[in-house]
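Residue strings, one per chain:
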Amino acid sequence: MTYQESLDFLYQALPMFQRVGAPAFKKDLSNTLMLCDRLGNPQQALRSIHIAGTNGKGSTSHALASVLQTAGYKTGLYTSPHLKSFRERIKINGQEIPEAEVCRFVEAHRAFLEELKPSFFEMTVAMALDYFVREAVDYAVIETGMGGRFDSTNVVTPLLSVITNIGMDHMQFLGDSLEKIAGEKAGIIKQGVPVVIGQTQSETVAVFRQTAAQKNASIVFADQHMEVVPKGIVAGQLPLRAVFEIRPVGGKTWDLPMDLLGDYQARNLPAILLALDSLKSMGLRIREEAIRDGLANTQASTGLKGRWQILGKNPTIICDTGHNIDGFRVILDQLLNLSYRQLTLVLGMVRDKDVDEILALLPKDAAYIFCQADQPRSLPADVLQQKALAYGLSGWVISDVNEALEFAKKNAVADDLIFVGGSTFVVAEINGL
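Sequence order as written defines residue numbering, which begins from 1 separately in each chain. Owing to the predicted nature of the model, reporting of local features is limited to residues with pLDDT of at least 70; listing and counting of side-chain atom pairs is limited to 80 or more, with chain, interface and lining totals taken over all residues. Think of the side-chain values as coming from all heavy atoms in the structure, minus any hydrogens and water.

A. Representation of the sheet that holds strand β6 (residues 160-163) within the structure. A pair of strands is considered paired only if DSSP assigns at least 2 bridges between the two. Each helix is a run of DSSP H or I of at least 4 residues and each strand a run of E of at least 2, with the numbering of both proceeding from the N terminus. Taken in spatial order, the eight strands make up an open sheet running β4-β3-β2-β5-β1-β6-β7-β8, and their pairing is mixed. The two strands at the open ends of the sheet, each matched to only one other strand, are β4 (95-96) and β8 (219-221). Where strand β2 (residues 75-78) lies against strand β5 (residues 139-143), four bridges are found, and the strand directions are parallel. The residue of β5 that forms the bridge with Tyr78 is Ile142. Should any heavy atoms of two residues lie within 4.5 Å, those residues are considered in contact. For every element, the axis is a line fit to its C-alpha atoms; helices are fit only across the contacting stretch, and the angle between N-to-C directions ranges from 0 to 180 degrees. Packed on one face of the sheet, helix α4 (residues 57-70) meets β1 (48-52), β2, β3 (90-92) and β5 and runs near 175° to β5. Together, β2, β3 and β5 form the strand contacts of helix α6 (residues 120-134), whose direction differs from that of β3 by roughly 15°.

Next up, the structure:
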C-alpha cells in the first residue's frame, strides 16, 4: 500500500471524531485493549506521562516532551488532533512518524482492523504505542483525546498523570457540570501513580482528592505551589519568546522564557514545572538548563503549531486553536491588550460547540469575516453570521478560510490586528502554517 492508500483506509474505513463528532465516540476500551493484545501489549512496556484536561493539555504535552528530549531522553509524543498532516500525531524527538511506518502498520493489521472495526482514534493510539515500543523510546508523553476514563490512551499505566484543568467542553459526552467532567478526566488517575492537577477549582477539588485517595495516588495542586505571571513578548528578538515570572510560594521569583507566546501558558506552567519536579524525584536526570532550554524552544523542538502563532506583521496576524469558552476568554484578554487601529476576526466554528456563549464574549467594535472549515462538523458561515448578528456583531461571509484571510489583509492597514480562529479546523486550513 502507498502512504495515500493507507491514509484513505484510515480515514474512510473507520469513524473519526475529528470529522463526524458524536458517532465516533465510544465509552469502551475493549477495542483498544484487543488491538494492544495483538501488538504484544506495548502499553505495558512503555514508560509514559499521561496528560488530560480541558484546555492546555496539548501545550503541556509538547512542553514536557521538549524538556525530556532536551535532557537527552529519546522521547515519544502522541497528541491529537493534527493540523496539517496525520503524522503530526506521532513523533519521536520532534520527528513525525515516517510514512513507511504508517503503511507498515496498516498493511500488517488490515485484515484484523477490518474485522474488529475500531475507531480512527483507537487505531492511531495503538499505532503510536506500537511505534514507540519498537523504536525503544525512553519515555512517551501521551495526550488524551477528549475525556479520560474511556479515552483510548487510558490503557497506559504511566509514571505520572497530569490533569491541566476542567472547563465546560464536550458536555454531551462528558457531563453537564464541572464535577461530572472532572470525574471523567480523573479516570486517568491510576493505582499508586502520582497525579499533578494544574488548577485548583472549587467544583473539582473534591472529585480529584477522592479519586486519588481511592487509588492511593499522591496528589498535588500545582497552582498552590506557585503563581505565574505573563510579562509579554520580548521585542526585537528572534525567534520570538514570551517571558513568564515564576513566583514560588516561599521561594525566590525568577523569569522563564518560552517560545509559546500566549499569555495562557501562565496557566499551564505550574503543572509543567511540578510535573518535572515529580519526574526528577523518580530519578530522571533533568537539569535546570534542560528545563529552561526545553521550554524556550518547545515549538522549535516539537513542531507545535497554532498556539498564539504570529503569521505576519504590518498588519499583525495571529492564529490560535482555542475553541471553547474558557479558551476564548484568555485569548480575548490578550488580544484586547494589544495596540491596534482596527481588530478583525476571521472566525469559523463547529456545530457542537457552545457558539452563543463565545459570541457573547466578542467585542462589538471589531470587524468580522465569517468562514467555515471544509469538514462536516463546521457550522456554515452564513449561519454563524446570523447568530453573530443577535449579539451585535456584523461582518462579511467568505466561506473559504484563506480567501477570508486574504480579504482581511487587503482591507487592513499596517497597524491593524487580524485574528484567525474559532476552531482547530479553521487554523488547520491556513496556507503556509
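B. Seen up close, the pattern of salt bridges. Salt bridge, as used here, is a side-chain nitrogen of Lys or Arg placed within 4 Å of a carboxyl oxygen of Asp or Glu. Applying the stated criterion across every chain yields a total of 19 salt bridges. In this structure, Glu101 engages Arg134 in a salt bridge whose closest nitrogen and oxygen atoms are separated by 2.4 Å. Here Arg134 lies in helix α6 and Glu101 lies in helix α5 (residues 99-116), a separation of 33 residues in the sequence. Between Glu114 and Arg110 there is a salt bridge, with its nearest N and O atoms 3.3 Å apart. Highlighted residues: Glu114 and Arg110, both in helix α5, separated by four residues, approximately one helical turn. Its relative accessible area of 41% is what places Glu114 among the partly exposed residues. Summary of the burial criterion: residues with accessible area below 20% of their type's maximum are buried, those above 50% are exposed, and those between are partly exposed, where the area comes from a 1.4 Å probe applied to protein chains only. Residue class for Arg110 comes out partly exposed when judged on its relative accessible area of 33%. One network of salt bridges, with partners in common, ties together Glu227, Lys231, Glu245, Arg247 and Asp255.

C. Structural view of the side chain of Gln309. Looking at where Gln309 falls in the secondary structure, it is placed in strand β12 (residues 309-312). Excluding residues that lie within four positions of it along the chain, Gln309 makes contacts with Gln299, Ile317, Ile318, Cys319 and Leu433.

D. Main features of the pairing of β5. Of all five residues making up β5, five are buried, and the element is well covered by its neighbours. A two-sided burial pattern is seen for β5, the buried positions comprising Tyr139, Val141 and Glu143 on one face and Ala140 and Ile142 on the other. Sheet topology note: the β1/β5 ladder contains four bridges and is parallel. When the bridges of β5 are listed, His50 appears paired with Ile142.

E. Spotlight on the packing of aromatic side chains. Two aromatic rings, drawn from Phe, Tyr or Trp (for Trp, its six-membered ring), form a pair once their centres lie within 6.5 Å of each other, and the interplanar angle then sorts them: stacked below 30 degrees, edge-to-face above 60, tilted otherwise. Evaluated as defined, the whole model comprises seven aromatic pairs. When the centroid spacing of 6.0 Å and the interplanar angle of 75° are considered together, the rings of Phe86 and Phe120 count as edge-to-face. Linking Phe86 in the loop between β2 and β3 with Phe120 in helix α6, this pair joins segments that are 34 residues apart in sequence. Of the residues examined, Phe86 reaches a relative accessible area of 2% and is grouped as buried. Judged by relative accessible area, Phe120 falls into the buried class, the value being 2%. Ring centres of Tyr131 and Phe132 lie 6.2 Å apart, and the angle between their planes is 40°; on these two criteria the pair is classed as tilted. Using a relative accessible area of 7% as the deciding quantity, one classes Tyr131 as buried. You can call Phe132 buried: its relative accessible area is 0%.

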